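Spelled out from the first residue to the last, the chains are:
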Amino acid sequence: MKKDIGWKELGHGDSLPAGTAAEFQTGDWRSERPVFHKENCINCYFCWVYCPDSAITLDENKKVSGIDYRFCKGCGICDKECPTKKEKRAITTEAERK
Amino acid sequence: MPIIAKTGNEAMAEAMRQIDPDVVAAYPITPATEVVMIFSGFVADGLVDTEFVAVESEHSAMSACVGAASAGCRVMTGTSSQGLQLMSEILPIASALRLPIVLCEVNRALSGPINIHCDHSDTMAVRDFGWIQIFSENAQEAYDNILQLVRITEDQKVRLPGMATTDGFIISHCMEKIDALEDAEVKKYIGEFKAVNSTLDLGKPITLGSLDLQDYYFEHKMPIVEAMANAKDVILEAGRDFGKRYGREYGLIEEYRLDDAEIALVALGSTCGTARVVVDELREKGIKVGLLKVRVFRPFPAREIVKALSKVKAAAVMDRSDMFSGQGGPLFAEIRSALYEQKARPVLTNYVYGLGGREISLEDIRAIFAEQQEAAKSGKVKQLIQHFGVRE
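This structure is a prediction, so every number in the text was calculated from the model and none was measured. (Residues numbered from 1 in each chain as written. Chains lettered and ligands numbered in written order. Predicted model: local features only at pLDDT ≥ 70, side-chain atom pairs only at ≥ 80, totals over all residues.)

1. Topic: the interface of chain B and chain A
Thought 1: At the junction of the two partners, chain B supplies 17 residues and chain A supplies eleven residues.
Thought 2: Among the elements of the structure, β9 (206-208) and α9 (217-246) of chain B are those that each provide at least two residues to the side of chain B that touches chain A.
Thought 3: For the side of chain B that touches chain A, the leading source of residues is α9(B), giving four residues.
Thought 4: Relative to β9(B), strand β1 (residues 15-17) of chain A is paired through three bridges, and the arrangement is antiparallel. Note that in β9(B) the partner of Pro17(A) across the bridge is Ile206(B). (Contact = placed C-beta atoms within 7 Å. Helix = DSSP H or I, 4+ residues; strand = E, 2+ residues; numbered from the N terminus. Pairing = 2+ DSSP bridges.)

Below you can see the structure in the form of C-alpha cells.
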C-alpha cells in the first residue's frame, strides 16, 4: 500500500482491502525464537492450526516445512502445542539473537 | 393519506414498520420501550421482514447494529437516557465506519438522581460523536423525521448515522392525530438501500476497524467532518422534497412569526409547541415576539440561526440540559459562539429549564418573554445564565 496518503484518498468508512497484514512484517518484535526440527516432526499440524499469525510454512506436499520469521512474533504457542516427546522435540524455543 | 391516532412511540414504531429495515437490535428502556416493543410485535406478526435481535444490553444493541450495518444492511434501533449512554462507546465507531444507522431516541434525564422524565441531557451528552441529531416538536414530526432520516443518513454525500428525538412522555406517550403515508409511498420516498461496503461481499473482501495510530487516525476523522458539512444541504433537500410530496416541509430551523420580531425565543423539541401559543397570544396584544425552533442540532445550523436572529433585539435561548461548564447549556454555547463575528447581534439570555421533566408552562414562557421585553428595551440582560423554575 502507498504510504502517507491524504484523507481524500482513503477508503470509505475506514475500510481497507483485505489481507493487508501480509504487508506488515511483525517478526522484528520477537524476543524468543521457535526453531523447527524437521526430523522430529510428525505432521500433526497443531502448530499450523494454533499459530496466530500464519507463520508456520508448509512445503509442496503439504508437510510442515518451517517458520516464516518475517511474521513469527515468538509467542511460543507452536512450541507449547507441539505434542512431540521431550527428547525428540519438533519445535524448541531459544533466545532471539540480534 | 391515512389519518391515525398515535403516541410518539407508536408513531416511531409505525415509521419503522413502513421502513421495514433489514435488522433491528434493541433493548427496552423507559420511555422508549414501546418503540421497539411495538416493532417486535410487527416482527412476530410477520408484518415486516426484519431480523430482530433481542440483545442483553444497549451496548450489545449498538454493537449488533454496527455489525449488521457493516454487513450491508439497513439498520434501526431505539433507546433513551442510560441506554444511550451504554451505547455511547459504540456510537462514534458507527460514524467512523460511516454506517447509516437510524436511532429512535426518546429524550430522558440522565441519572443521577435517577429520573425517567424528559430533559435533553442524554442526547446532548452524545452530540459530538458524528451522529446527525434531529429534534421533534410532536409525534407527527417524530414520524416524519424518522422517514427523512433514512434518506439523509443513506445519502452518498452523508453516510453517517442519525437519531431523531422525541421528548420523553411529553411526546412519547401523548396521543395525537398523525397524518401518515401509505406503505408504498414510504417505500418510494426512502428508496432502495444501497450498501457501500459489505463485510459479507466475498467478491470485494475488506478489513474494517483496523488499528489507526498517529499516522492515520487524524485523516480518518476528516471524512466525518466533510460528511457532516454535506449533511446540511442533504437535510434541506430531504425536507423540501417531503414538503413537495406530502405538504409538510422541513428545514434546519423553523422561524415562527420571526419576520419583524424584536424578541425571539429559541428552543428545541416540544417546548416549541408551548411557545407558539404564547407567541400568538402576545402578537394579539401587538408585542413583536417570535419563535426560532432549532430542528437540527447536528450538524449545527449556525449560519441559518445567525441570519434568523439578525434583526432581533433580545433572544431567550432555552436549554433543557446543563453542561456544568459555568457557560450555560449546549444550545446557548453554540448560538453565542455562532454570533461572535456579528457586529449587530441580539442580547442573549440562557434559560436552563425543565430538568428531569419539570414542567414548562404557558405562564413560564410569558414570564420569560416579559423579562426579554425589558432586555430588548435596555439592551442589558438581568442575568446571563438562569436556572429557570428551580426552587432556592
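2. Some points on the environment of Glu34(B)
All names here are of chain B.
Thought 1: On the secondary structure map, Glu34 appears in helix α2 (residues 33-44).
Thought 2: Separated by 349 residues in the primary sequence, Glu34 and Gln383 place their C-alpha atoms 41 Å from one another.
Thought 3: Beyond its immediate sequence surroundings of up to four residues, Glu34 is in contact with Asn9, Glu10 and Ala13.

3. A closer look at the sheet that holds strand β6 (residues 132-135) of chain B
Residues and elements named next belong to chain B.
Thought 1: If you trace the seven strands from one edge of the open sheet to the other, you get β3-β2-β4-β5-β7-β6-β13, paired in mixed fashion. Edge positions in the open sheet fall to β3 (51-54) and β13 (296-298), since each of these has one partner strand only. Across the sheet, the mean angle from the axis of one strand to that of its neighbour is 20°, orientation sign disregarded.
Thought 2: Note that strand β2 (residues 23-26) and strand β4 (residues 75-80) share two bridges and pair parallel. Paired with Val23 across the strands is Val75, a residue of β4. (Axes fitted to C-alpha atoms, helices over the stretch in contact; angles between N-to-C directions.)

4. Some words on the sheet that holds strand β14 (residues 314-319) of chain B
Residue and element names in this part refer to chain B.
Thought 1: Spatial strand order, β10-β12-β11-β14-β15-β16: six strands in an open sheet with mixed pairing. In the strand order of this sheet, the two ends are held by β10 (253-256) and β16 (385-388), each with one partner. On average, each strand axis in the sheet is inclined to that of its neighbour by 20°, with strand direction left out of account.
Thought 2: When β14 meets strand β15 (residues 347-353), the two strands line up parallel, connected through six bridges. Across the sheet, residue Asp319 finds its bridge partner in β15, namely Val352.

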